Amino acid sequence: MMSVVHRLTAGWLVDHLSFINQCGYEICASFAYPDGVTLDTSVTSTRDCHSTCTFAATSSSDGPIPGPGDVIETEGKPAKTRYVFREEFFNVSKPHIAAAPEEQLWQGCPEASLTELKASSNREEHQEETKRVVGDSVASARKKRKRKCVLNQGELDALQYHSKVRKLIQEGTLHLVQEGLKSGFLHRTIAEPSCRKNAVPGHIGCGLAELCEMAKQLPAVNESDRQAVHVLDDETSIPEQDLLSCVTENSSNGAKIVELMGQKYLVPPKSSFLLSDISCLQPLLNYKKKYDVIVIDPPWENKSVKRSSRYSYLSSWQIKQIPVPALAAPNCLVVTWVTNRQKHLHFVKDELYPHWSVKTLAEWHWVKITGAGEFVFPLDSLHKKPYEVLVLGRVQGDVKQTLRKSEDVLPIPEHKLIVSIPCSLHSHKPPLTGCHFNQWLCTP
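Residues numbered from 1 in each chain as written. Predicted model: local features only at pLDDT ≥ 70, side-chain atom pairs only at ≥ 80, totals over all residues. Heavy atoms only, no water.

Visitor: Outline the pattern of salt bridges, supporting the account with residue identities and numerical values.
Guide: For the structure on display, the rule yields 6 salt bridges. Across the pair arginine 166 and aspartate 380 runs a salt bridge whose closest N-O atoms are separated by 2.8 Å. Taken together, the positions of arginine 166 in helix H4 (residues 153-183) and aspartate 380 in the loop between strand E15 (358-368) and strand E16 (387-395) put the pair 214 residues apart, joining distant regions of the chain. We classify aspartate 380 as buried; its relative accessible area is 14%. Salt-bridge contacts for glutamate 363 lead to lysine 349; the nearest nitrogen and oxygen are separated by 2.6 Å. Highlighted residues: glutamate 363 in strand E15 and lysine 349 in helix H12 (residues 342-355), separated in sequence by 14 residues. Taking the relative accessible area as the measure of exposure, glutamate 363 reaches 17% and is therefore buried. According to the relative accessible area criterion, lysine 349 is partly exposed, its value standing at 27%. Each of the salt bridges in this network shares a partner with another, and the network as a whole consists of Asp297, Lys368, Glu388 and Lys429. (Salt bridge = Lys/Arg side-chain N within 4 Å of Asp/Glu carboxyl O. Helix = DSSP H or I, 4+ residues; strand = E, 2+ residues; numbered from the N terminus. Buried < 20%, exposed > 50% of the residue type's maximum accessible area, 1.4 Å probe, protein only.)

Structure (structure tokens):
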């Protein structure tokens, strides 16, 4: 996949923007909007998992070479309009919280030798080993946060976990960033965007949460009247109840535009999705398909969500009700995104996966960096970490069938890094399709 810029033993440096723009968001002229129109839309995609993206595209036929957002005209074939993701959402030019100079990820110029970088890392590692024990971390935390009370158990658990994964994240990211600087994908010096340029125009809320809230108010549909799948054709406006009561499928080779509650959505080619509340997943079961990979990004409970009321979170009991065993193919790979709260990580590994008959195999980390290769938050920040956790597991079934199907499958590495510039839209995760998942899947 072109979304992987560099691949090393530690993991991958990923270009999230490039991945989105390769998903085939082209539509025929009959769906295209007039030249010069900027269209704010959202996308629901179900290639390997559900994701939501906000797009803007300008149709234009000027210029000899078609580019992103241009109307592409070919002799004897219908004209097509290509839609691309707004680059502004990936303009992360500096850390959200600046790290101290000695804590910056890279030292020296991009051409600095790896030996120098390792030496710098070793010096820092030696310093950390002499002082970074949990007791010292607690004392430092009290001083930084200017409070006298002792850290609670959750904060102590988080510090202990961080001390175990810190070296893997620091060294692995260092190597991948160094490769990115050498190739020019990352740039140590990035021109500071003006406030006007950095501001993202138009509507940036995707509206999917509002759609799901609306779904709860719709009258119930009898199972006998419910269609299993709604195949998109040439219509651009679909009754909300039709979309929310069954799986929607775009089986064509081009993208489709649908309109819901006044918002336009791009649906990628060869994809299907169910837009629904977690309590209404029966249509997905009625779809009667099994999946080799299931990626889950639950709305975890946290203080920020409670304060802002941006979206509803799920309780542990509700997450357990997701019918993963009924949707999983034999030896299905299950990937769950987890926040850095240790309570949630322990729940996934000790309760959720056993409840689904999933065996935990690995913990990977998504590391968020700027366009200059710096952590978006200081690595040792007590407020927010520049990484998130993925817990990978495999569905356990019949022993003989499992052994037979897993003979030609490589074992999943216990730890990998996915390093990328994050999207500024809330909770948008990087693509996993470029991480060679196929080598860890069981083929029939």
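Visitor: Go over the pairing of strand E10 (residues 256-260), please, and point to the residues and values.
Guide: With 4 of its 5 residues buried, E10 lies for the most part within the structure. Where E10 and strand E11 (residues 263-267) come together, 5 bridges link them in antiparallel fashion. In the sheet register, lysine 256 faces E11, and the bridge partner there is valine 267. The antiparallel pairing of E10 with E11 creates a hairpin that spans 2 residues between the two strands, and methionine 261 there sits at a positive phi of about 50°. (Pairing = 2+ DSSP bridges.)

Visitor: Pulling in residues and values, what's your account of H4?
Guide: Taking 1.5 Å of rise per residue, the 31 residues of H4 would be expected to cover 45 Å, and the 44 Å separating its terminal C-alpha atoms lies within 8% of that figure. Where H4 bends most, the angle comes to about 45°, and this point is valine 165. The distance from a side-chain oxygen at the start of H4 to the backbone nitrogen of glycine 154 is 3.1 Å, and the residue carrying that oxygen is asparagine 152. Among the residues trailing H4, glycine 184 stands out with phi positive, at a value near 90°. (Expected span 1.5 Å × (residues − 1). Bend = angle between axes of the 7 residues up to and from the residue. Polar contact = N/O pair within 3.5 Å; in protein donor to acceptor, adjacent residues only side chain to side chain.)

Visitor: Could you give an account of the packing of aromatic side chains, naming the residues involved and the relevant values?
Guide: With the rule as written, the count across this model stands at 6 aromatic pairs. Note on tryptophan 300 and phenylalanine 347: the rings are 6.2 Å apart at their centroids and 85° apart in plane angle, and the pair reads as edge-to-face. Separated by 47 residues along the polypeptide, tryptophan 300 in the loop between strand E13 (291-296) and helix H9 (303-308) and phenylalanine 347 in helix H12 bring together distant segments of the chain. Judged on exposure class, the residue tryptophan 300 and its partner phenylalanine 347 are both buried. Linked through ring pairs, Phe85, Phe89 and Phe90 together constitute an aromatic cluster. Between lysine 368 and the ring centre of tryptophan 366, over which it is positioned, the NZ or CZ distance is 4.9 Å. (Phe/Tyr/Trp six-rings, centres within 6.5 Å; stacked < 30°, edge-to-face > 60°. Lys NZ or Arg CZ within 6 Å of the ring centre and 35° of its normal.)

Visitor: Please set out the nonpolar core residue by residue, giving values where relevant.
Guide: In this structure, Ile169, Val334, Val348, Tyr353, Trp356, Val367 and Ile369 are the most contacted members of the largest nonpolar core, which totals 46 residues. For this core, the secondary structure elements donating two or more residues are H4, E13, helix H11 (324-327), strand E14 (328-338), H12, E15, E16 and strand E17 (417-420). Per-element accounting of this core gives the leading share, 6 residues, to H4. With near-sequence residues (within four places) excluded, valine 367 lies in contact with Ile169, Thr173, Phe375, Pro386, Tyr387, Leu417, Ile418, Val419 and Ser420. In terms of nonpolar packing, the next biggest core, distinct from the first, is built from 16 residues, Ala362, Trp366, Leu392 and Leu432 among them. (Core = buried A, V, L, I, M, F, W, Y, C linked by side-chain atoms within 4.5 Å. Contact = heavy atoms within 4.5 Å.)

Visitor: How would you explain the side chain of histidine 365 if you had to name every residue and give the values?
Guide: Relative to the helices and strands, histidine 365 resides in strand E15. A distance of 2.9 Å separates a polar atom in the side chain of histidine 365 from a polar atom in the side chain of tyrosine 161. Ignoring any residue separated from it by four or fewer positions in sequence, one finds histidine 365 in contact with Tyr161, Val165, Ile169, Tyr387, Glu388, Val389, Leu390, His415, Lys416, Leu417 and Ile418.

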